[in-house]
Each structure stands twice: as structure tokens, then as C-alpha cells.
Amino acid sequence: MAEQEVIPFWGPEQLELFELMTQAVDPQECVAAAMQAAAPLEGRKLLDIGAGVGDRTIVYARLAGHVYALEPDPRALPILRGRIKSAGETNVTVVPGSAEAIPLDDDTVDVAYATWACFFGPGSEAGLHEVERVVRPGGDIVVVQNYGHDELSEFWLAQESECEAWPPWFQEQGFACQVVDTVWRFRTIDEALGVLEFLWGEQARDYVLMHDKVEFGYKVAVYHRLVE
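Only a predicted model underlies this, so the values are computations on that prediction, with no experimental measurement involved.

### What to know about the overall build of the chain
- Summing up its helical and strand segments, the chain has 8 helices and 7 strands in all.
- Relative to the compact-globule value of 17 Å for 228 residues, the chain shows a C-alpha radius of gyration of 17 Å, a close match.
- Seen through its C-alpha atoms, the chain measures out along the principal axes to roughly 50 × 40 × 30 Å.
- The buried share among the 228 residues of the chain stands at 52%.
- Within the chain, counting contacts between residues at least 6 apart in sequence, those at least 24 apart form 77% of the total.

Okay, structure coming up:
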């Protein structure tokens, strides 16, 4: 699977919008609860695949024994390091690299989380095998992706919509799938307009204005498998 961005990069100038988005997505933390139920982090070594600018990495670090934050985009790395330092987390190692070539030894971690990272789906078997290499036998791999078939998917880009056809591929790779029903919930219309227009353009803006709403239905697929 080609590693392509399907939404704009969250650079320093967009961090305010990024914070609004992270506050809006899954406010009741239903996805995090499903991930923890499948593969708990407490005291374990975690590989955070596609750490981005560190919003989830920081949360994971407060639970896990150690976090390896894997991120391929050089634009994200200084922001990631800065946010980890500001948060005061000392159990995080930033690892520049991609899922196809992870610069870690075999059996380094107990669990791998790939959360909305553009690494997995049909054609990404090589990346999956590389992740299996660094997760010890008996460990866990959890991949979280959009499921589609929801309100937000009405104005997705075509490449984003591909995830709606992915469940059979994950099942072939030995993953169980749990679909989590949640929402994106903004505090104001202006916040919804700012974030959704940045992500998906005029179509999303028109949808928000037409429906005059701040909450949008959202389905997430939580894929889990044990490493043998």
C-alpha cells in the first residue's frame, strides 16, 4: 500500500486546528477503551506506529512501561519531540522510520498500535510482517482505521473511502474486527467549520452549514491479532 497523505499535513501553523480536532474526535474515548480491552498497555513496551505529532503518544506514555514512537515524516519529528519534552514524558524513544523498515531488533515490544496511520490495508503485507518481527511472540498488534459507512464518510476523499473494503483483508491476515460507534463533537459551529473545511474542503463546509450541527456520526474499525 503506497504511503500517501490523504489529508493535509498538520504543520506548526495548523496546530490550533489539530488540537480542536483531537478534542472533538471520540470525546467519550470509546476507541481507546476498545484498544485497551484488546491489548492493555500497563507496564508493557509499545510500538506507536505513525506517531505523528504525538497526541496519542503522550497518552500512551502515561500507561505503558516504554513507548517507541515510530514516525516516517521528517516534518512531524521536531514537533513530536517538542511535545513529548513539554509533556515531561521520559519513557518515550522517538524512532524515525516507516513500518516497512522498523529500526528495532526482533521481539523488542509487547504490543504495537497503529492508529489512523497510512501503513495498513491491502498490499501492505510487507509492513505487517515487519511489525510482527519486532513484536514478541504472544504480543499484540492493534490497527485502528476508519470503518466508513457513517456521516463523515459522505465527504471523504476517494482514497479515504478505500477503507470501507478493508475488513476482509484484515480477516485474511488473522485479525478480529470490532466496529466502534462514536462521534466527532465540536463545541461550536465555527470550530466544526474550521477543522472539517481544512480536512475536506468546501463540500464539508457546505454540509456543516446546511445541517447547522456540531456532532457527526463516526464508525471506527479496531483490528486485533496475537503474534504467534
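### Describing the nonpolar core
- Core analysis: the biggest nonpolar cluster contains 74 residues, and Leu47, Trp184 and Leu196 have the highest contact counts within it.
- Each residue touching leucine 196, except ones within four places of it in the same chain, is listed here: Leu152, Phe155, Trp184, Phe186, Gly201, Ala204, Val208 and Phe216.

### A short note on the sheet that holds strand S1 (residues 45-49)
- Strand order in the open sheet made by the 7 strands is S3-S2-S1-S4-S5-S7-S6, with mixed pairing throughout. Every interior strand has two partners, whereas the edge strands, strand S3 (92-96) and strand S6 (176-185), have only one. Taking each pair of neighbouring strands and ignoring which way they run, the sheet shows an average axis angle of 20°.
- Here strand S4 (residues 109-115) pairs with strand S5 (residues 135-146) via 6 bridges, running parallel.

### Quick look at helix H1 (residues 15-24)
- Within the sequence span of H1, burial applies to Phe18, Leu20, Met21 and Ala24. End-on view of H1: buried residues confined to an arc of 160°, all on one side of the axis.
- A positive backbone phi angle near 50° is found at aspartate 26, which sits one or two residues after H1.

### Remarks on the pattern of salt bridges
- Under the counting rule described, the total for this entry stands at 14 salt bridges.
- In this structure, glutamate 151 engages lysine 213 in a salt bridge whose closest nitrogen and oxygen atoms are separated by 2.6 Å. Here glutamate 151, found in the loop between S5 and helix H6 (158-161), pairs with lysine 213, found in the loop between helix H8 (189-211) and strand S7 (215-226); they are 62 residues apart in sequence, far enough to count as distant.
- Of the residues examined, glutamate 151 reaches a relative accessible area of 15% and is grouped as buried.
- The salt bridge partner of aspartate 181 is lysine 219, with a shortest N-O separation of 2.5 Å. In this pair, aspartate 181 sits in strand S6 while lysine 219 sits in strand S7, placing the two residues 38 residues apart along the sequence.
- In the salt-bridge network here, residues are joined through shared partners; they are Asp106, Glu130 and Arg133.

### Structural notes on the environment of glycine 54
- Within the secondary structure, glycine 54 is located in the loop between S1 and helix H3 (55-61).
- Considered as a pair, glycine 54 and valine 25 are 29 residues apart in the sequence and their alpha carbons are 15 Å apart.
- Ignoring any residue separated from it by four or fewer positions in sequence, one finds glycine 54 in contact with Leu80 and Arg83.

### Topic: unusual backbone geometry
- With a phi close to 50°, aspartate 26 is a non-glycine residue in the positive phi region.
- When you line up the elements, aspartate 26 lands in the loop between H1 and helix H2 (30-38).
- On the basis of relative accessible area, aspartate 26 is assigned to the buried category, the value being 8%.
- A positive phi angle is found at aspartate 107, which is not glycine, with a value near 55°.
- Inspection of the secondary structure puts aspartate 107 in the loop between S3 and S4.

Here is what the cut-offs are and how they apply
- The residue numbers shown here count from 1 along each chain, following its written sequence.
- Local features in a predicted model are, by the rule used here, given only for residues with pLDDT of at least 70; side-chain atom pairs are given and counted only at 80 or more, and totals for whole chains, interfaces and linings are based on all residues.
- Calculation of side-chain values draws on the structure's entire complement of heavy atoms; hydrogens and water are dropped beforehand.
- Counting from the N terminus, the helices are the DSSP runs of H or I reaching at least four residues and the strands are the DSSP runs of E reaching at least two.
- Computation of the radius of gyration draws on C-alpha atoms, with the globule rule given as 2.2 Å multiplied by the number of residues to the power 0.38.
- Accessible area is worked out with a 1.4 Å probe on protein chains only. A residue is then buried under 20% of its type maximum, exposed over 50%, and partly exposed in between.
- Contacts between residues were defined by any pair of non-hydrogen atoms, one from each residue, lying within 4.5 Å.
- Take the buried Ala, Val, Leu, Ile, Met, Phe, Trp, Tyr and Cys residues and link them wherever side-chain atoms come within 4.5 Å; each set so joined is a nonpolar core.
- Here, strands pair whenever DSSP counts at least two bridges between them.
- Each axis is a line fitted through C-alpha atoms, taken for helices only over the stretch in contact, and angles between the N-to-C directions span 0 to 180 degrees.
- To obtain the arc, one takes the directions from the helix axis to the C-beta atoms.
- Here, a salt bridge means any side-chain nitrogen of Lys or Arg that lies within 4 Å of a carboxyl oxygen of Asp or Glu.

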